[in-house]
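Understanding the architecture of this molecule
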Amino acid sequence: MTAGTQSMVRARGLRKEYGSQATLVRAVDGVDLDVAPGETLAVMGPSGCGKSTLLHLLGGLDRASAGELWLAGRRIDTMSERGMAALRRDAVGFVFQAFHLMDELTAAENVELPVLLAGRSPRVARRRAGELLERVGLADRARHLPSQLSGGQRQRVAIARALANRPMVVLADEPTGNLDSEATLDVLRLFESLHEAGQTLVIVTHDSRIAATADRLISMRDGAFIDETRLTGGTSGRLGALLDLDG
Amino acid sequence: MGGLLLVTRLVGRDLRFRPAQAVLLLLAITAATTVLSLALALHGVTQRPYQQTRAATRGPDVVALFGGPVAGPQGPGPAVPTVQAEAGALTGAPGVSGHGGPYPVASAVLQLGTIAVQVQAEGRDQGAAAVDQPKVTAGSWVRPDGIVLERTFADALGARVGDRVGLNGRRFTVAGIAVTAASAPYPSLCYQPGGTCVASLPTSCDPTRCTAVGSGEPLTTLQMGQAWLTRPDARALASRAAPLAYVLDLRLRNPAWAPAFAAAHDNAQLGGPGSGNLVPWQSIAYDDGLLVQDEQQVLTPGAWLAGLLAIASVAVLGGGRMADHSRRVGLLKAVGGTPRLVAVVLMAENLAIALFAAAIGLVAGWLTAPLITSPGAGLVGPPGAPSVTPATAAEVAGVALVVALTATLVPAIRGARTSTVSALNDAARPPRRRRVLIAVSRRLPVPLLLGVRLIARRPRRALLGAASVAVTTTGIVAVLTFHATADDRLRGVTRIGNPVVTRDEQMLLVITVALLALAVLNAITTAWATVVDAAGSSALARALGATKRQITGAIAAAQLLPAVPGAILGVPLGLGLFVAASGAGSRGTTIPSVGWLVPAVLATLVAVTALTVIPAWAGARRPVTDVLAREA
C-alpha cells in the first residue's frame with residue numbers, strides 16, 4: 001500500500017517558512033495530517049497561526065518549504081506548476097472569505113468559469129452551472145451580477161463554483177467570516193448537504209460555532225497542531241438549533 | 001495661497017513617492033515635444049549660410065536667364081544681338097549698380113567613368129567677376145580644358161580635382177570645385193519652374209526616355225548639375241540640338257528691391273519667346289533651403305504622430321495613476337477638499353510633468369537641431385542657430401499641455417466626482433460587463449477566453465492599445481511609402497547620390513526611432529496596466545486551475561487582439577499621411593509592395609506580443625495567495 005491511499009489528504013512533516021535566519025517565520029511547522037474521504041475537518045486557531053497557509057498548501061496554491069503531501073494517493077508537493085494548476089482545476093475547490101467572484105460576470109458565468117477552464121464545452125458548462133445554482137438555491141439569481149447579490153448569496157455562488165468540476169476536496173477559508181448570522185446558517189446548511197453527499201471538506205475558521213459542525217477539529221498555534229478533537233455532534237441533527245443561529 | 005501650497009505639496013510628495021511612473025510620463029511627452037521642437041527649430045536655419053555664401057561669392061541680386069526650358073520651345077537659341085540688346089536694357093535699368101555677363105550656357109552630358117548626367121555648363125572668364133564669382137573650395141578656377149564643378153554636384157558624383165571627365169564627348173580635367181549663390185545647388189537646380197535652370201535636354205530627346213549617346217545612361221533635368229568652364233569651351237559644346245542659353249548677373253543698389261525689379265522686367269518686357277526670365281536672390285535662397293524644408297515636411301507630421309502616441313501613453317499611465325489616487329481622493333474629500341480642489345490636485349501633477357517635458361523637449365530640440373541643419377555642400381559657413389522663439393516655446397508647451405489634458409481630464413473629473421466613502425475604501429472602478437464578448441469567449445481556448453474577457457473589462461484601454469498600434473503602423477507605412485515612391489521616381493537615375501533623399505531618409509530614421517520608442521513604451525505600459533488591473537482576476541483564475549502560461553497568454557491576447565485591427569488600419573492611414581504630407585498626390589505616390597506591407601504589419605504584431613509577454617510573465621509570477629489576500 002502506498003502512502004496516503006487511505007486518506008483523501010495526507011501530509012507528513014509539512015513546513016512553510018518565510019524569511020531567513022533572524023527574520024525566519026514558520027507559518028506551518030512540521031504538520032502531519034490525514035483527512036479521510038467524506039470527512040469534514042475544521043481547523044481553528046487565532047489569526048496568524050498559519051491555518052490559511054496550511055489550506056493554501058493543501059490546495060496547491062502555495063508550495064511547501066519541506067514535507068510531503070498527497071491528494072487521493074497522488075504525491076502533489078513535487079508536481080510541476082502545470083500539474084498543480086491541473087490539480088486546482090480538477091481535484092480541489094476553493095471557497096474564500098472574500099468570495100472572490102468576478103465582478104463583471106453573472107452568477108452563472110462565475111460558476112461556469114472553472115468548467116470552461118477545464119476545456120469543457122460551453123453547453124456542458126452552462127448545464128453544470130444551472131445544476132449547481134439550483135443546488136445552492138440561487139437558480140433565480142443566475143443572471144445577477146455579484147454586486148446585485150447579498151453576501152450570503154455571493155458565498156453560495158462561490159461554493160457552487162468550488163463544486164463545478166466535482167472536486168475531491170473542498171477547501172474553505174473562513175467561509176462565513178464576512179457573513180451575518182442568517183447567511184452563515186445558509187452556508188452551514190450547504191456544507192452539511194455536501195457532507196451528507198460524501199464530499200471531503202476542510203474548513204479553516206476561528207468561529208467555534210462553525211467548527212462544532214465538523215467531524216473533527218484541529219487546533220493550531222504558531223504553525224503547529226496543538227490539539228485534535230473528534231466531534232460527536234458532527235453536522236448531523238438540528239444544526240441551526242444547535243448553533244443558536246435560528247434566531 | 002494656501003490652496004496653491006497644498007497642491008504644490010501634494011504634487012511634490014506624490015512625485016517623490018512614485019518616481020517611476022513620473023519618469024515614464026516624462027519620457028513619453030518629451031519624445032513628442034523633442035520631435036516637434038526639432039521641426040519648429042528648423043525655420044530659417046539656412047538663411048545665414050546663404051547670406052555668407054552670397055557675401056563670399058559676390059552673389060547677384062537678380063539673375064536673368066535667356067533661352068532654356070522656361071523661355072519657350074527649343075530652337076536655335078536666342079540670337080546673340082538680341083541677348084546683348086536685352087542685357088543692355090537690363091544693365092541700364094534704374095536701380096542696377098553692376099553686372100556680370102551675359103555668360104553662355106551649354107546643355108551637356110557629363111561623363112565620369114560609367115556615369116552620365118545632364119549638366120548646365122556656364123562659360124566664364126578666367127579672371128574674377130565683379131558679380132557672382134563662385135568661391136573655389138578646392139583646386140582652381142576655370143582654364144582651357146579645365147572644368148569647375150558645383151560642390152554638391154561633385155560630392156554626389158564622387159568627383160575630385162584632377163579627375164578626367166567628358167562633356168558631350170570632349171575630355172576635360174576637373175580643375176576645381178566651387179560654391180555659388182547664383183543658382184540652387186544640386187539636385188535643386190531645376191527643381192521648380194522659374195528657378196535658375198536654363199539648360200535643357202537635347203531637343204532630339206524624348207523627355208521620358210532620354211539616354212546619353214554611347215553609354216545609354218538615362219538623362220533627366222531632375223538630376224542636373226552646375227559646372228563652369230571657359231567661354232570658348234562652353235560655346236564649343238553647343239549644337240543645333242542643344243543650343244546655347246545665356247545668364248546675366250545683376251547687382252542692384254538695394255538688394256531688397258530684387259523681387260520688385262524681377263517683376264517689373266519680366267519676359268514680356270524683355271522681348272517675348274526665347275527671351276529672359278528674372279530670378280531674384282530671394283527665390284534662389286528659397287531653393288537653397290529645400291534641403292531643410294524637406295526635413296520639416298518629414299518632421300512635422302512625425303511630431304504629430306509622436307504626439308498621438310504620447311497621448312496614448314499618458315492616458316494609460318495617467319489612468320493607472322488615477323487608480324492609485326483613489327484613496328487620496330477620499331482622504332482629501334474627508335478633510336473638506338472640494339471636487340474642484342481634488343480635480344486640480346489630480347491634474348496639476350500631470351500638467352507639471354508636461355511643462356517640464358516641454359522644457360526638456362525644447363532644449364533637446366534646440367541642441368540637436370544643428371546636427372540635422374547642415375545646409376549641405378552647396379553653401380559655405382555653419383548653419384544659423386536654430387530659432388527658438390517665444391512662439392515656438394508656446395507651441396511646444398501648448399502641445400505638451402494638450403497631451404496631458406486630453407489624457408487626464410476625464411479620469412480627474414471622475415476622481416473628483418467619486419463618492420468619499422468608496423474612494424476611502426479604495427474601490428477600484430468596477431470593470432465593465434460586455435455581454436457579447438463574454439458570451440463569445442466561452443467558445444474559445446482558455447488563453448483567448450481569458451484575454452477576451454480582459455478586453456471586455458477595460459474596453460477603453462483596448463481602444464488605446466489599438467490606436468497606439470495604428471499610429472505606429474501609420475508611421476512605418478508612411479516611411480515605406482516614401483522609399484517606394486523615391487525608388488520609383490529615381491529608378492534608373494539613382495546611380496549618383498541625391499542629398500535631399502539622403503537627408504529625408506535620415507529624418508525618417510529619427511522619426512521612426514522616436515515612434516518605435518514610444519510604441520514600445522506604450523506596449524509595455526498598456527500590458528503592465530492590464531497586468532495590475534487583472535491581478536485579482538488572474539490570481540483567481542489560477543486558483544481555479546489556469547496555468548501561468550495560460551494567464552500570460554491571456555494578457556498577450558488582450559493586447560494582440562485590439563492590435564490586429566490597429567495594425568491593419570495603419571496601412572491606409574500611412575498611405576494617406578504620405579500623400580498629405582508630401583503633397584505628391586495619390587497619382588504621384590507609389591504604394592509599397594505587399595511583400596513589404598504584410599511583413600511590416602506582422603512584425604508590428606509580433607513586437608507587440610513579445611513586449612507584452614515580459615510584464616505578463618512577471619505578473620503571472622506573483623504568488624496567487626498574496627494577490628488574493630490583498631484583494632480580500
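Everything numeric in this text was worked out from a predicted model, so none of it was measured.

**Looking at the interface of chain B and chain A**
With 29 residues of chain B in contact, the opposing surface of chain A contributes 30 residues. When chain B packs against chain A, close to 2600 Å² is buried across both sides, 64% of that on carbon and sulfur atoms. When the buried surface of chain B facing chain A is broken down by residue, B:Arg433, B:Arg442 and B:Leu544 rank first, second and third, together holding 27% of it. The shortest N-O distance in the salt bridge between B:Arg542 and A:Glu81 comes to 3.3 Å. At the junction of chain B and chain A, the tally comes to 6 residue pairs in polar contact (both at pLDDT 80 or more). In terms of residue class, the side of chain B that touches chain A is built from 13 nonpolar, 5 polar and 11 charged.

**What to know about the packing of helix H20 (residues 548-582) of chain B against helix H21 (residues 594-620) of chain B**
Residues and elements named next belong to chain B. At a minimum axis distance of 8 Å, the contact between H20 and H21 shows a crossing angle of 150 degrees. Taken together, the axes of H20 and H21 are roughly antiparallel relative to one another. For H20 against H21, the interelement crossing comes out right-handed. Residues Lys548, Arg549, Ile551, Thr552, Ile555, Ala556, Gln559, Leu560, Ala563, Val564, Ala567 and Val571 of H20 pack against Leu597, Val601, Leu605, Val608, Thr609, Thr612, Val613, Ala616, Trp617 and Ala620 of H21. Residue composition of the contact of H20 with H21, grouped by class: 16 nonpolar, 4 polar and 2 charged.

**Overview of the sheet that holds strand E4 (residues 66-71) of chain A**
Residue and element names in this part refer to chain A. The strand order across the open sheet formed by 4 strands is E2-E1-E4-E5, and the pairing between neighbours is antiparallel. Strands at the two margins of the open sheet, each flanked by one partner only, are strand E2 (25-35) and strand E5 (74-75). Of the pairings in the sheet, the one linking strand E1 (residues 9-18) to E4 comprises 5 bridges and is antiparallel in character. Each residue of the ladder has a partner; that of Arg12, found in E4, is Glu68. Lying on the sheet, helix H1 (residues 51-58) is in contact with E1, E2 and E4; it crosses E1 at an angle near 120 degrees.

**Concerning the pairing of E4(A)**
Residue and element names in this part refer to chain A. Direction of pairing for E4 relative to E5: antiparallel, over a ladder of 2 bridges. Paired with Leu71 across the bridge in E5 is Arg74. Linkage of E4 to E5, two consecutive antiparallel strands, is achieved through a turn of 2 residues, within which Ala72 is found at a positive phi near 50 degrees.

**Here's the deal with the sheet that holds strand E9 (residues 216-221) of chain A**
Residue and element names in this part refer to chain A. Taken together, the 6 strands give an open sheet; going across it, the order is E6-E7-E8-E3-E9-E10, and neighbouring strands pair in mixed fashion. The sheet is open, and its two borders are formed by strand E6 (92-95) and strand E10 (224-230), each paired with just one other strand. The sheet shows a mean angle of 20 degrees between the axes of neighbouring strands, direction not considered. Of the strand pairs in this sheet, strand E7 (residues 169-173) and strand E8 (residues 200-204) are connected by 5 bridges, and their pairing is parallel. Note on E8: the bridge partner recorded for Val170 is Leu201. Here H1 sits on the sheet and contacts strand E3 (40-44), E6, E7, E8, E9 and E10; the angle it forms with E7, its principal contact strand, is near 155 degrees.

Cut-offs and rules
Residues numbered from 1 in each chain as written. Chains lettered and ligands numbered in written order. Predicted model: local features only at pLDDT ≥ 70, side-chain atom pairs only at ≥ 80, totals over all residues. Heavy atoms only, no water. Contact = heavy atoms within 4.5 Å. Buried area = accessible area lost by both parts, 1.4 Å probe. Salt bridge = Lys/Arg side-chain N within 4 Å of Asp/Glu carboxyl O. Polar contact = N/O pair within 3.5 Å; in protein donor to acceptor, adjacent residues only side chain to side chain. Nonpolar A, V, L, I, M, F, W, Y, C, P; charged D, E, K, R; others polar. Axes fitted to C-alpha atoms, helices over the stretch in contact; angles between N-to-C directions. Helix = DSSP H or I, 4+ residues; strand = E, 2+ residues; numbered from the N terminus. Parallel < 35°, antiparallel > 145°, perpendicular 65-115°, else oblique. Left-handed = near helix turned anticlockwise from the far one by under 90°. Pairing = 2+ DSSP bridges.

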